[in-house]
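# Results of the structural survey
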Amino acid sequence: MSLPVEVPPPTPSGFADEKIRTPFQTAVRRFLHNKLAVFGLVLVIIMVVIAIIAPSVAPMSPYTSYPDGTTMQGLPLPPTWHWHHFFLGTDSSGRDEMSMLLFGTQVSMEVGFMATAITLVIGVIIGLISGYVGGWLDNVLMRITDVVLAFPLFLFVILLRSVVSHPTVATVYEVIGILGWAGIARITRGQTLSARKLEYVESARAVGVRTPKILAKHIFPNIMGPIVVYATLLIASNILLESALSFLSIGVPDPTVSWGKMINLGLSWYQTDPLLIVWPGIAIALATLGFNLLGDGLSDALNPRAGE
Amino acid sequence: MASSTWKRWSMAMAGVAALAMTAAVSIPGPAGAATPQVIHFSFSSNIETLDPTEWTDTTSMTPMQEIYDTLVEYNPYSSKIVPGIANYSVSKNGLTYTFTLKKGIKFSNGDPVTAQDVIYSINRVTRGDANSSGAAPYGFAYADIVGYTQWNNGGKTPPAGMSGMSGVTSPSAGVVQIKLQTPEAFFLNVMALMSAVIVDPAVVEKYGQNYQLHAIGTGPYKLKSWNQGHQMILVPNTTSWRYRKGEASQIVMDENVNPDLALLRYQQGDYAFLLGPLPSEVYAKILGSATLKSQYHDVTENGIVYLAFNETKAPFNNVYMRQAVNYAVNKQLLIKDITNGRAALMTQMLPPGIPGYNKSIKNPYPYNPTLAKSLLKKAGYKGQAINFIYPSNTSDHIRTAEIIQNELKAIGMNVNLQGTSQVGNYWPLEDNQKGNWNIAWTDWFQDYPDAQDFMYNLASTDACGATNVGCYANPQFQSLVKQADALPQSENSQRNIDYAKANEIAVKDAAWVFLYNEWNDDLVQPWMTPAASGQNLMLYLHPVMQPEYNLMNVKAH
């Protein structure tokens, strides 16, 4: 895919807009005009900010079981709508729901971004090499990729995670990251194959520029677009994956707070205290929605004709 | 025209097919309604075993007491010992017990019960055998029998030339005599434990490792099928001396059913009861429903919930560390949030219902994180990782573990939580974690209403590695308890004084983290009735045994 410089046609009145925009600026303009995309971006920014400042913004501790955090009979409290005191209510162990939601953002963002980063590094490198070098190396790498792609990711992640005896948050995103690169490797390879044929790439090769430099300076910048889109969508699915793992009690270890864990503990209370699963459910939905809208928006902005 | 009609027609057919399939796979109606003589209920964990040499847990007691019999047993719904399949007499000095088998007692396969079968059963449970899959955990309960030490050499094969304990003999046909080294006021209670059920040697030898799936006994029910981990079905043993015409035609027990699902099935009329202790979320639903409230029963039990320390190694071989944890855990919070106020604070090793309970110990370790921190410093804790293991089969256990982890973290301890799917009292050692744990959540429900069952079984050095999961050891405690155990029942006041003193020592030692005393509660369907008129069908009223299912009638409903 190549991004030609866009020159607007002359208007009928003869008054031509002389401004020539770079592809990047065009994409940004298209993105900003897409209301849903902007909404997604805003959501993502909010989530990331909350994740960073959670400890200072949370009204109470998410770990403490407050003695007054349950009813006289030790049952969860309903929302009080007082920010500093059980704003959204408590869970069955007397912990503040709002604080847990805010701290849960940290795990979701950390796992989401880090797992995606690991996946990107592995997948992009494999894809670049495979697509550029070609030949038997390409064959071997792609067959390996096919095998990894064929395995059910979720089961694999569960398996790998279960054999670790003292897991941490890092364990979770490393496991997800290491097993999820096949998709991005394929896409990167496809993009690399097209970019390889570009005229200035061929001339760089003819002049004798070394392969790594070609990959880094000429190929990679040209294929970044679809990769960024894919990465954004990947963050969303990694957030969901972490929630699912924590829901099954094989995600982040105690005492780390996770939305998935909140749903796990709240599930058996669905008849008497359904809010215990509603709040973390909304949080997961918003996070996933934000990244998905952002990813779709980026996709439209970078390649507006793709959807037609 | 033809094609669009066909399209509509095929779509309609698809719709009908979909509806039909939905109807076919829809949730089946309650089994109880279709076959009224079935007692159907569930456990939230596994039935661990049907082999008396492996028995330790309360869940397995339920099928075992229906399939098997002991020489002596409890009068239904009481704690009074009465003859089982044998009449008994005790010598004046309390050292010789004579059991005379009743006439005509048969195993469910027709084999008559002989004195040799009794001797075989007792010897087998005190040392396990080549066929049982582990060392007999309750074997030490019979340690007072003459010949126990020589017989129980710890190996897989018996000592050369010995076929059993010398103190267990059959002086004449149908008579078994057991000689003790010192008198034990509770020996008949020990003979009424599930570990002392009488097995058929021919069946045990025949099936070896698979004995459990073919277990045979003299009880009012026999094993029909057991899909281990899922469901066990018992059907009447019509040749049993305890068989009662009118007893339920099937006892169906589901294993590993999550409490919410169990409540749902109970509400649908499928389950006859919901066994407790009921977790908080179920209790919350009961509080909100008049119907459920009317079917709810609760009763205080002689049971304890506590945290054991692994005292065989650092850091909990240090009393300051143990005391620090005791002060750091807020027990009142657990009583409120986990038990919803249904339990009472545990002040010592004994629950209040057991003679020997020390009334002067009121609240030995009130919540005090500041004091806990200073004790931690005194102990010289350097931040090493501490493994806390607990059974993760219910959310109550998970919540307890999380709350405690947080409280310990607050005083500066580095605690890792490890949930395991094993249950039963000394699973910390059965588990893969063998020895690699520091704190373990555990509980204990009385086997018989005697202090020996708690103080000796859970805290004597003899039980180290078995029911004394953390190997608590204190020589003064040990000698007091052994002394009290050996006193005859006529010396009860001295026994109680000794046990009360031993409790003081254990509390000062912070032998365990004393959490709360067990209570129990359940839901019982209105169509479950006692077989004998005038008898009150209140589960768990019987302080020792499980509910007697063969003494229950299932009314049409």
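Going by the structure above, here's the rest.
Residues numbered from 1 in each chain as written. Chains lettered and ligands numbered in written order. Predicted model: local features only at pLDDT ≥ 70, side-chain atom pairs only at ≥ 80, totals over all residues.

In this section: the overall build of chain B. Secondary structure summary: chain B contains 18 helices and 19 strands in total. In chain B, 71% of the contacts between residues at least 6 apart in sequence involve partners at least 24 apart. (Helix = DSSP H or I, 4+ residues; strand = E, 2+ residues; numbered from the N terminus. Contact = placed C-beta atoms within 7 Å.)

Along the backbone of chain A there are eleven helices and zero strands. Walking chain A from its N terminus toward its C terminus, one meets helices and strands in the order α-α-α-α-α-α-α-α-α-α-α. Within the span of chain A, comprising 308 residues, buried residues form 41% of the whole. When contacts within chain A are restricted to residue pairs at least 6 apart in sequence, long-range pairs at least 24 apart make up 70% of them. (Buried ≥ 20, exposed ≤ 12 C-beta atoms within 10 Å, placed from the backbone.)

Moving on: the environment of B:A143. Residue and element names in this part refer to chain B. Within the secondary structure, A143 is located in the loop between helix 4 (115–127) and helix 5 (148–151). Take A143: there are 16 C-beta atoms within 10 Å of it, and that puts it in the partly exposed class. A143 sits 37 residues away from L180 along the chain, and the two C-alpha atoms are 8.9 Å apart. If sequence neighbours within four positions are ignored, A143 has contacts with Y148 and D462.

Residue and element names in this part refer to chain B. Spatially, the four strands line up as an open sheet ordered 1-10-9-8, and their pairing is mixed. Both edges of this open sheet fall to strand 1 (38–42) and strand 8 (221–227), since each of them pairs with a single strand only. The mean angle between the axes of side-by-side strands here comes to 15 degrees, regardless of whether they run parallel or antiparallel. Where strand 9 (residues 231–236) lies against strand 10 (residues 250–254), four bridges are found, and the strand directions are antiparallel. Residue pairing across strands places M232 opposite M253, the latter belonging to strand 10. (Pairing = 2+ DSSP bridges. Axes fitted to C-alpha atoms, helices over the stretch in contact; angles between N-to-C directions.)

Residues and elements named next belong to chain B. Among the seven residues in strand 16 (residues 439–445), five count as buried, and that is most of the element. Sheet topology note: the strand 12 (residues 296–309)/strand 16 ladder contains seven bridges and is antiparallel. Note on strand 16: the bridge partner recorded for Y306 is T442. Both strand 14 (residues 385–391) and strand 16 contribute to a ladder of two bridges, which runs parallel. Counted as the bridge partner of F388 is I439 from strand 16.

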